[in-house]
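Residue-level structural notes
Residue-level listing of the chains:
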Amino acid sequence: QSALTQPPSASGSPGQSVTISCTGTSSDVGGYNFVSWYQQNPGKAPKLMIYEVSKRPAGVPDRFSGSKSGNTASLTVSGLQADDEADYYCSSYAGSNIVFGTGTKVTVL
Amino acid sequence: QVQLVESGGGVVQPGRSLRLSCEASGFSFSNYGMQWVRQAPGKGLEWVAEVWHDGGKKYYADSVKGRFTISRDNLQNTVYLQMNSLTVEDTAVYYCARDDDTTGYFSRVGYWGQGTLVTVSS
């Protein structure tokens, strides 16, 4: 149950796009279409942003989108806004367990 | 609205036990799987355990298997995490979370509690 690999940080200016990768193996990301993405602000509980690779829960802006190719999933935030600055974690079903990513801190410049 | 309120955290010595509780409200508790997810100070998220809506199936991370037990009481709308043989590596904020997945792959956590801090220290 090794953590999925995410870049430690990503950044962009307001209005730009940022893409975060999440790399696993064929036993997790590559084996199932059950990748989720969570946003976490300091001292707060995570918030679900994307599930089943590319689906958005009600209330999540369509500026957030997800995709997957092989063993790597991606989260793209378009039209960056100041309140998008947060930590982002991917997760994947991995056969009777869930594995999270290492987390990416997104900074809005 | 959906509310998940954890309790039971605190400071405990290595090797001892602790039981966390999470009281749910605002939804039909018996219709949803429930999870515990933890986060060590300054670290990332780590999935701990999942229990199906009826308690019929339970799943655990390798790091806690054999030491932690997840359970639920659908009459009391409460999910528990019994933690035995605690080590310093178990120090974390423990979040109770609702599994919104409908496929059986428990990959979609739609609601989270505010978390309860467990500190394992001598």
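In what follows, the accompanying structure is described.

Cut-offs and rules
- Residues numbered from 1 in each chain as written.
- Chains lettered and ligands numbered in written order.
- Predicted model: local features only at pLDDT ≥ 70, side-chain atom pairs only at ≥ 80, totals over all residues.
- Heavy atoms only, no water.
- Pairing = 2+ DSSP bridges.
- Helix = DSSP H or I, 4+ residues; strand = E, 2+ residues; numbered from the N terminus.
- Axes fitted to C-alpha atoms, helices over the stretch in contact; angles between N-to-C directions.
- Contact = heavy atoms within 4.5 Å.
- Buried area = accessible area lost by both parts, 1.4 Å probe.
- Salt bridge = Lys/Arg side-chain N within 4 Å of Asp/Glu carboxyl O.
- Nonpolar A, V, L, I, M, F, W, Y, C, P; charged D, E, K, R; others polar.
- Disulfide = S-S within 2.5 Å.
- Buried < 20%, exposed > 50% of the residue type's maximum accessible area, 1.4 Å probe, protein only.

Quick word on the sheet that holds strand β3 (residues 18-25) of chain B
Residue and element names in this part refer to chain B. Strands sit in the order β1-β3-β8-β7 across an open sheet of four strands; the sheet is antiparallel. Only two strands of the sheet have a single neighbouring strand rather than two, namely β1 (3-7) and β7 (68-73). When the angles between neighbouring strand axes are averaged without regard to direction, this sheet yields 15°. With six bridges connecting them, β7 and strand β8 (residues 78-83) associate as antiparallel partners. If you follow Ser-71 over to β8, its bridge partner there is Tyr-80.

A short note on the interface of chain A and chain B
On the chain B side, the residues contacting the 19 residues of chain A number 22 residues. Together, the buried faces of chain A and chain B total about 1,800 Å²; carbon and sulfur atoms form 63% of this surface. The largest per-residue losses of area from chain A upon contact with chain B belong to Phe-34, Ile-98 and Phe-100 of chain A, which jointly make up 29% of the total buried on that side. On the surface where chain A and chain B come into contact, there are zero salt bridges. Looking at the side of chain A that touches chain B, the elements that each hand over two or more residues are β3 (35-40), β7 (86-93) and β8 (98-100) of chain A. Residues belonging to the side of chain A that touches chain B are distributed by class as follows: 11 nonpolar, six polar and two charged.

A word on the state of the cysteines
This model, assessed by the stated rule, comprises two disulfides over all chains. Sulfur-sulfur distance for the disulfide between Cys-22 of chain A and Cys-90 of chain A comes to 2.0 Å. Across the S-S bond linking Cys-22 of chain A and Cys-90 of chain A, the dihedral sits near 80°, which makes this disulfide right-handed. Taken together, the positions of Cys-22 of chain A in strand β2 (residues 18-23) and Cys-90 of chain A in strand β7 put the pair 68 residues apart, joining distant regions of the chain. The exposure class of Cys-90 of chain A is buried, given its relative accessible area of 0%. Covalently, Cys-22 of chain B is tied to Cys-96 of chain B through a disulfide, its sulfur atoms 2.0 Å apart.

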